Amino acid sequence: MEGSRPVTPEAPPENLWSSILDSVSSSRSIPSKQVLLLGPPSSGKSVLASALLQKPVYQESKDETRSDFALGYDWADIRDDEDTLARLSVYTVPSDATSHMALLPHFVPPRASLPHTLVMIVLDWTRPWTFVDDFQTWLNWVELWAKGDGSRDLEIVREENHERLQYHLQHYTEPSADAVPATSNLSSNTVLPLSPGTLTHNPAGVPIIVVCTKADLIDEGNDLVGASTSGMGGMVKGKGGEWEERTDGVMQILRTICLKYGASLFYTTQQPSTLQVLRQYALHLLFIPPAPSPMTSASEAPAPIRNPFVFHHKPNTLDRDRIVVPAGWDSWGKIGVLREGFDAKVWGEAWEADLNADAPESDDHSGARKIYRMLVPDQGVKPPPLPPFNAPMAEQAFLAKHYDENAKKPDRDPRGAFRNPTDTAAAGIVGPLGSSSFNLPNVERALSEMEAGMGTGSLNASTGGDAARRLPQRGATGAGMTTHAGRPPTSPTIGGSPSPTGGQTQHEVLQNFFQSLLSSRDRLRP
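Remember, it's a predicted structure, so these values are computed and weren't measured experimentally.

Parameters at a glance
- Residues numbered from 1 in each chain as written.
- Predicted model: local features only at pLDDT ≥ 70, side-chain atom pairs only at ≥ 80, totals over all residues.
- Heavy atoms only, no water.
- Helix = DSSP H or I, 4+ residues; strand = E, 2+ residues; numbered from the N terminus.
- Areas by Shrake-Rupley, 256 points an atom, 1.4 Å probe, with all protein chains shown as cover.
- Phe/Tyr/Trp six-rings, centres within 6.5 Å; stacked < 30°, edge-to-face > 60°.
- Buried < 20%, exposed > 50% of the residue type's maximum accessible area, 1.4 Å probe, protein only.
- Lys NZ or Arg CZ within 6 Å of the ring centre and 35° of its normal.
- Pairing = 2+ DSSP bridges.
- Patch = residues over 30% accessible without salt bridge, like charges linked within 9 Å, V, L, I, M, F, W, Y side chains within 5 Å.
- Salt bridge = Lys/Arg side-chain N within 4 Å of Asp/Glu carboxyl O.
- Expected span 1.5 Å × (residues − 1).
- Core = buried A, V, L, I, M, F, W, Y, C linked by side-chain atoms within 4.5 Å.
- Contact = heavy atoms within 4.5 Å.
- pLDDT = per-residue confidence, 0-100.
- Axes fitted to C-alpha atoms, helices over the stretch in contact; angles between N-to-C directions.
- Parallel < 35°, antiparallel > 145°, perpendicular 65-115°, else oblique.
- Left-handed = near helix turned anticlockwise from the far one by under 90°.
- Nonpolar A, V, L, I, M, F, W, Y, C, P; charged D, E, K, R; others polar.

Engineer: Would you mind going over the overall build of the protein in detail, with residue names and values included?
Structural biologist: Helix and strand content of the protein: 16 helices and seven strands. Accessible area for the protein stands at about 31,200 Å²; split by element, carbon and sulfur atoms hold 56% of it.

Engineer: Could you give an account of the packing of aromatic side chains, with specific residues and numbers?
Structural biologist: Two measures describe an aromatic ring pair: the distance that separates the ring centres and the angle between the ring planes. According to the stated counting rule, one finds 11 aromatic pairs in the structure shown. Between Trp 125 and Phe 131, the ring centres sit 5.2 Å apart and the planes meet at 75°, which makes this aromatic pair edge-to-face. For the residue pair Trp 125 and Phe 131, the accessibility class agrees, reading buried in each case. Their ring planes at 70° and their centres at 4.9 Å tell us that Tyr 281 and Phe 311 sit as a pair that is edge-to-face. Of this pair, Tyr 281 sits in helix H9 (residues 272-286) while Phe 311 sits in the loop between H9 and strand E7 (324-325), and the two are 30 residues apart along the sequence. As far as burial versus exposure is concerned, Tyr 281 and Phe 311 are alike and both buried. Of the aromatic side chains, those joined through ring pairs into one cluster are Trp 125, Phe 131 and Tyr 267. Above the ring of Phe 287, the side-chain terminus of Lys 33 is found at 4.9 Å from the ring centroid.

Engineer: Explain the sheet that holds strand E2 (residues 72-80) to me, and be specific about the residues and the numbers.
Structural biologist: Hydrogen bonding along the main chain pairs the strands of a sheet, whether they run parallel or antiparallel. If you walk across this open sheet you meet the seven strands as E2-E3-E1-E4-E5-E6-E7, and the pairing is mixed. Both edges of this open sheet fall to E2 and E7, since each of them pairs with a single strand only. Direction of pairing for strand E4 (residues 117-124) relative to strand E5 (residues 208-213): parallel, over a ladder of six bridges. Note that in E5 the partner of Met 120 across the bridge is Ile 209.

Engineer: Describe the pairing of strand E6 (residues 264-267), and please don't skip the residues or the numbers.
Structural biologist: Neither face of E6 is open: one carries Ser 264 and Phe 266, the other Leu 265 and Tyr 267, and all of them are buried. Across four bridges, the pairing between E5 and E6 is parallel. Note on E6: the bridge partner recorded for Ile 209 is Ser 264. The pairing of E6 with E7 spans two bridges and is antiparallel. Note that in E7 the partner of Leu 265 across the bridge is Val 325.

Engineer: If you had to explain a nonpolar patch on the surface to someone new, which residues and values would you point to?
Structural biologist: Judged by side-chain polarity, Met 393, Phe 398 and Leu 399 come together as a nonpolar surface patch covering roughly 300 Å² of accessible area. The class of Met 393 is partly exposed, set by a relative accessible area of 47%.

Engineer: Please set out H9 residue by residue, giving values where relevant.
Structural biologist: Taking 1.5 Å as the rise per residue, H9 with 15 residues should run 21 Å; its terminal C-alpha atoms sit 21 Å apart, in good agreement. The element H9 is extensively covered by neighbouring structure, given that 11 of its 15 residues are classed as buried. Along H9, the residues that are buried comprise Thr 274, Leu 275, Val 277, Leu 278, Arg 279, Tyr 281, Ala 282, Leu 283, His 284, Leu 285 and Leu 286.

Engineer: Any details on the nonpolar core? Residues and values, ideally.
Structural biologist: Counting residues in hydrophobic clusters, the biggest one holds 58 residues, and the most contacted among them are Leu 38, Leu 104 and Tyr 267. Apart from the residues lying within four places of it in its own chain, the contact partners of Leu 104 are Leu 36, Leu 38, Leu 71, Tyr 91, Val 93 and Trp 141. If you look at the next biggest cluster of nonpolar residues, it comprises 36 residues, including Leu 118, Val 211, Phe 266 and Leu 278.

Engineer: Quick one: what's the story with the side chain of His 201, residue by residue and with numbers?
Structural biologist: Residue position: His 201 is located in the loop between helix H7 (152-170) and E5. In this structure His 201 touches Glu 143, Lys 260, Tyr 261, Glu 352 and Leu 355, once residues within four positions along its chain are discounted.

Engineer: Report on the environment of Met 251, specifying residues and quantitative values.
Structural biologist: Mapped onto the elements of the fold, Met 251 is located in helix H8 (residues 241-261). Judged by relative accessible area, Met 251 falls into the buried class, the value being 2%. Discounting residues that sit within four places of it in the chain, Met 251 has contacts with Leu 265, Tyr 267, Thr 317, Ile 323 and Leu 338.

Engineer: Can you lay out the confidence of the model for the protein for me, pointing to particular residues and giving the numbers?
Structural biologist: In low-pLDDT regions, the fine details of the predicted coordinates are not to be read closely. Of all residues in the protein, 63% attain a pLDDT of 70 or more, and the chain-wide mean is 75. Scored below 50 in pLDDT, residues 179-184 shows nine contacts in the model against residues more than four places distant or in partner chains. Below pLDDT 50 for its whole length, residues 221-239 participates in 47 contacts with residues either more than four positions away or in separate chains.

Engineer: Can you break down the pattern of salt bridges residue by residue, with the values?
Structural biologist: For the coordinates displayed, the defined rule picks out 14 salt bridges. Its salt-bridge partner being Arg 79, residue Asp 77 comes within 3.8 Å of it at the nearest N-O pair. Judged by its relative accessible area of 23%, Asp 77 is partly exposed. Given a relative accessible area of 54%, Arg 79 falls into the exposed group. Between Asp 77 and Arg 87 there is a salt bridge whose closest N-O contact spans 2.8 Å. Taken together, the residues span a long stretch of sequence, with Asp 77 in strand E2 and Arg 87 in strand E3 (residues 83-93) at a distance of 10 residues. The network of salt bridges with shared partners includes Glu 244, Asp 248, Arg 320 and Arg 339.

Engineer: Lay out the packing of helix H6 (residues 131-147) against helix H11 (residues 344-356) in plain terms, naming residues and giving numbers.
Structural biologist: Axis separation between H6 and H11 bottoms out at 12 Å; the angle between their running directions is 60°. The angle between the axes of H6 and H11 places the two elements in the oblique class. Remark: the crossing between H6 and H11 carries right-handed chirality. From H6, Val 132, Phe 135, Gln 136, Leu 139 and Asn 140 reach across to H11, where they touch Trp 351, Asp 354 and Leu 355. Taken together, the residues of the contact of H6 with H11 break down into five nonpolar, two polar and one charged.

Engineer: Tell me about the packing of helix H2 (residues 45-53) against H9, and name the residues and values.
Structural biologist: Orientation of H2 relative to H9, taken along the N-to-C sense of each, is 65°, at an axis distance of 9 Å. Taken as a pair, H2 and H9 cross one another with a handedness that is right-handed. Between H2, through Val 47, Leu 48, Ala 51 and Leu 52, and H9, the contact on the second element is made entirely by Leu 275, Leu 278, Arg 279 and Ala 282. Across the contact of H2 with H9, the residue classes break down as seven nonpolar, no polar and one charged.

Structure representation (structure tokens):
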């Protein structure tokens, strides 16, 4: 019985399932790619982000207040049928403010993200006069971001990335009208040198796409002398050939600058077809295969690495609302063919002059910015001018000036405002005491009337006694003051009438009067 019982198998190791899951996860790991959207506010970055992620554009209501985050982020999986090929993350920067740009290195560190990051610079065709200024601002930031901390590991990553971009530019082939090949566009084994003015900058090899949005508004209002709704109407006076020459000149300048950085140029509109072409090319650049290592013989060449996202659209420089200039296709010769009289070399040197200029622009400095302003005048809304600066006078100078003026005035004594012009009151009385309504005869008359109205002899006696006791004291005090000061105090003489108080001042008379009233009230109380 026991012999027929089946033998129990040994328990599997505890980490069996974890090892299986790890092996499957490592074999089917999803690569992660990032796109940095850089551009001014209201330039169409949200539309581009939605197109890259294939998500609907968020529509804001009229009553809702628009709010931009310091750093926008969204992601989506790139799928092919049932398989997930990659995970795409899009970082959106609302403006070129330092507080906004300082956040990107924390979320996208160059050491780990440089081989998997694409930079998309957005320019707005409703403000074409800002193209060169915005271009310089964003490209300078890209180079600063790619430098990072300058560590040795980062330098190695930068060199490998530059070799990969250079290899892509050298092996670019224009798609043919045949069926889409199964491999990448990098099918040529012949290594061609870079044309003049190509990849002279961008030492980190960052893939860059310059996107000019709202290209359908280029020709809006070109028959108007003033600025139109799009802002382009005031760029030239006239239409037709002259207008096309200006806009073609702008495109030639952008292509020349893109060539120096190994960047591509796209014009987009609200049409989904232009946005779809841009998305396909962005995925194509994100999955550029690395450059092969140097080989001693051709027999050792490994099989070429396939790019899962093949870009099969041909370049287009004629349709002004759907321009497509892939990196590696353009050259100075192709740029000059668009319009005669354009010298790409001169514009390249002007761009270098702006980058190397330490001081602000001067009359002698002929950089790309200055030349571009002559081609595309600024039609933006200007802020109102500031009022003229009013330089205030120094405080001591102001006081000295008015002191001298007041010293020359005969009526500089402020106490004259309280006096009756017909009266001649002596100095020393300030306020209404110098007026005729408070002269000594009126005070004495009021005192006598109040005493008569009391009708009591005791009140008269007490009042007169108190007044008599205080008068000598005040007289003595006045005498002491005369001796100490060296001159007797003067009291105003109203109308030239003598004072019946025996030389007392008005202050003393008033004080005696009110003091007598207070003493009389105390005696009348039961």
